[in-house]
Amino acid sequence: GAVVSQHPSWVICKSGTSVKIECRSLDFQATTMFWYRQFPKQSLMLMATSNEGSKATYEQGVEKDKFLINHASLTLSTLTVTSAHPEDSSFYICSASEVAGGKRNEQFFGPGTRLTVL
Amino acid sequence: GNSVTQMEGPVTLSEEAFLTINCTYTATGYPSLFWYVQYPGEGLQLLLKATKADDKGSNKGFEATYRKETTSFHLEKGSVQVSDSAVYFCALSGYAAGNKLTFGGGTRVLVKP
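Each chain carries its own residue numbering, running from 1 in the direction its sequence is written. Key to labels: chains lettered from A, ligands numbered from 1, both in the order written. For a predicted model such as this one, the threshold for reporting local features is a pLDDT of at least 70, and the threshold for listing and counting side-chain atom pairs is 80 or more; totals across whole chains, interfaces and linings nevertheless cover every residue. In computing side-chain properties, one takes all heavy atoms of the structure into account and sets aside hydrogens as well as water.

S.K.: Now, about the overall build of chain A: what can you tell me, with residues and values included?
M.R.: Helix and strand labels come from DSSP, where a helix needs a run of H or I of at least four residues and a strand needs a run of E of at least two; each type is numbered from the N terminus. Counting its secondary structure elements, chain A contains 0 helices and 11 strands. The secondary structure elements of chain A, listed N-terminal to C-terminal, are β-β-β-β-β-β-β-β-β-β-β. Expected size for 118 residues packed as a compact globule is a radius of gyration near 13 Å; at 14 Å, chain A falls within 12% of this value. In terms of principal-axis extent, the alpha carbons of chain A reach across some 45 × 25 × 25 Å. With 118 residues in all, chain A has 49% of them scored as buried. The criterion used for residue contact is that any of the two residues' heavy atoms lie within 4.5 Å. Restricting the contact set of chain A to residue pairs at least 6 apart, pairs at least 24 apart contribute 55%. Only the protein chains shown count as cover for residues, and the accessible areas themselves come from Shrake-Rupley with a 1.4 Å probe. When the accessible surface of chain A is summed, it comes to about 5900 Å², and 52% of that surface belongs to carbon and sulfur atoms. Charged residues are defined here as Lys and Arg on the positive side and Asp and Glu on the negative side; His and the ends of the chain fall outside this count. All charge positions are set by atom: Lys at NZ, Arg at CZ, Asp at CG, Glu at CD. Positive and negative side-chain charges of chain A, numbering 11 and 10 respectively, have mean locations separated by a distance of 3 Å. We compute the radius of gyration over the C-alpha atoms and compare it with the globule rule, which gives 2.2 Å times the number of residues raised to the power 0.38. Relative accessible area decides the class of each residue, using a 1.4 Å probe on protein chains only: under 20% of the type maximum gives buried, over 50% gives exposed, and in between gives partly exposed.

Here it is as structure tokens:
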């Protein structure tokens with residue numbers, strides 16, 4: 001149980017285009033999904049937290065107009081990198097927390113999406 | 001704020017050697033502590049966790065004990081295999097922080113046959 005998928009697993013795009021990455025919880029309902037960015041040989045940097053049906057909360061320094069997050073259902077969140085540039089190339093990882101009425105909840109991670117912007 | 005410090009790598013070991021990765025933390029309240037493992041090109045997998053002081057998390061031969069007095073959660077394995085080569089992340093989360101995870105910098109482990 002507690003499987004999280006991401007699609008696509010990798011994507012290459014031209015500079016200036018937009019890319020959408022999907023994160024799905026396959027066998028549980030996730031009130032909260034998190035989006036992380038990871039640079040080569042570095043730790044994960046939390047970009048934003050999204051709660052189903054409400055606006056995402058972005059971490060300091062993350063451009064919300066650049067990284068659009070939508071959490072329309074309890075099983076799907078999307079991250080859209082708008083007008084991508086080479087510096088947006090990175091490994092993007094999502095995680096999901098299960099609905100459990102106020103208890104502390106573990107985050108389950110997706111396999112990641114590698115974005116390369118040419 | 002919360003923070004996690006773990007030893008820098010890379011750590012290079014021979015097969016069947018003993019592995020220790022140190023992890024210390026700073027947090028308010030009583031956080032949960034985690035070790036995640038990341039294999040090349042993949043996302044993170046939870047390796048083990050502990051939710052209160054003196055708890056011991058264990059999985060796949062790895063162990064870590066939640067030490068509140070030393071604010072530590074060191075990862076150990078008695079006999080590593082080549083397949084244990086990966087990057088290991090120590091992390092904490094606190095209810096007060098909305099269950100956000102705070103990660104350490106990661107430790108790359110390379111096990112040679």
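Once you've had a look at it, read on.
S.K.: So, a nonpolar patch on the surface: which residues are in play, and what are the values?
M.R.: Together, Trp 10, Ile 12 and Leu 118 of chain A make up a nonpolar patch on the protein surface, roughly 390 Å² of accessible area in all. Within the fold, Leu 118 of chain A resides in the segment after strand 11 (113-117). Each patch is built from salt-bridge-free residues with over 30% relative accessible area, joining like charges within 9 Å and nonpolar side chains (Val, Leu, Ile, Met, Phe, Trp, Tyr) within 5 Å. The term salt bridge refers to a pairing of a side-chain nitrogen on Lys or Arg with a carboxyl oxygen on Asp or Glu at a separation within 4 Å.

S.K.: Give me the pairing of strand 11 of chain A: which residues, what numbers.
M.R.: A regular strand carries its side chains on alternate faces of the sheet. All names here are of chain A. Side chains Thr 113, Leu 115 and Val 117 of strand 11 all project onto a buried face; the interleaved residues Arg 114 and Thr 116 project onto a face where none is buried. A pair of strands is considered paired only if DSSP assigns at least 2 bridges between the two. Where strand 2 (residues 10-13) and strand 11 come together, 4 bridges link them in parallel fashion. Note on strand 11: the bridge partner recorded for Cys 13 is Val 117. The pairing of strand 9 (residues 90-98) with strand 11 spans 3 bridges and is classified as antiparallel. Bridge pairing in strand 11 links Ser 90 to Leu 115.

S.K.: I'd like a description of the side chain of Gln 107 of chain A, backed by residues and values.
M.R.: Positionally, Gln 107 of chain A belongs in strand 10 (residues 107-109). Its relative accessible area of 3% is what places Gln 107 of chain A among the buried residues. At 2.8 Å, the side chain of Gln 107 of chain A and the side chain of Tyr 36 of chain A are in polar contact. We call two N or O atoms a polar contact when they sit within 3.5 Å, provided that within protein one can donate a hydrogen and the other can accept it, with sequence-adjacent residues counted only if both atoms are side-chain atoms. At a separation of 2.6 Å, a polar atom in the side chain of Gln 107 of chain A contacts the side chain of Ser 95 of chain A. Ignoring any residue separated from it by four or fewer positions in sequence, one finds Gln 107 of chain A in contact with Phe 34, Tyr 36, Ser 95, Ala 96 and Ser 97 of chain A together with Tyr 36, Asn 99, Lys 100 and Leu 101 of chain B.

S.K.: Provide a residue-level description of the pattern of salt bridges, including the pertinent values.
M.R.: Side chains that carry opposite charge are capable of pairing whenever their charged atoms lie near each other. Considering all chains together, one arrives at 6 salt bridges over all chains under this definition. As a salt-bridge pair, Glu 59 of chain A and Lys 100 of chain B come within 2.8 Å of each other at their nearest N and O atoms. Placement of the pair is Glu 59 of chain A in the loop between strand 6 (57-58) and strand 7 (67-73) and Lys 100 of chain B in the loop between strand 10 (86-93) and strand 11 (101-103), with the two residues belonging to separate chains. Overall, Glu 59 of chain A belongs to the partly exposed group, its relative accessible area being 23%. One salt bridge connects Asp 84 of chain B with Lys 77 of chain B, and the closest N-O pair in it is separated by 2.8 Å. Residue classification places Asp 84 of chain B among the buried residues on the basis of a relative accessible area of 7%. Given the relative accessible area of 10%, Lys 77 of chain B is considered buried.

S.K.: Would you mind going over the state of the cysteines in detail, with residue names and values included?
M.R.: The term disulfide refers to a covalent linkage connecting the sulfur atoms of a pair of cysteines. Two cysteine sulfur atoms make up a disulfide if the distance between them is within 2.5 Å. Using the criterion set out here, one finds 2 disulfides over all chains in the structure. The disulfide partner of Cys 23 of chain A is Cys 94 of chain A, and the S-S distance across this bridge is 2.0 Å. With the S-S bond torsion at 80°, the cross-link from Cys 23 of chain A to Cys 94 of chain A turns out right-handed. Remark: Cys 94 of chain A occurs in strand 9 and Cys 23 of chain A occurs in strand 3 (residues 19-25); sequence separation between them is 71 residues. Side by side, Cys 23 of chain A and Cys 94 of chain A carry an identical accessibility label, which is buried. What pairs with Cys 23 of chain B in a disulfide is Cys 90 of chain B, and their sulfur atoms sit 1.9 Å apart. Its torsion about the S-S bond being -70°, the disulfide of Cys 23 of chain B and Cys 90 of chain B is classed as left-handed. Of this pair, Cys 23 of chain B sits in strand 4 (residues 23-26) while Cys 90 of chain B sits in strand 10, placing them 67 residues apart in sequence. Each of the two residues, Cys 23 of chain B as well as Cys 90 of chain B, counts as buried.

S.K.: Could you give an account of the environment of Pro 111 of chain A, with specific residues and numbers?
M.R.: Structurally, Pro 111 of chain A is set in the loop between strand 10 and strand 11. Taking relative accessible area as the criterion, Pro 111 of chain A reaches 39% and is therefore assigned partly exposed. In this structure, the C-alpha to C-alpha distance between Pro 111 of chain A and Leu 79 of chain A, residues 32 residues apart in sequence, is 15 Å. With residues near it in sequence (within four places) discarded, Pro 111 of chain A still touches Val 4, Ser 5, Gln 6 and Phe 91 of chain A together with Gly 41, Glu 42 and Gly 43 of chain B.

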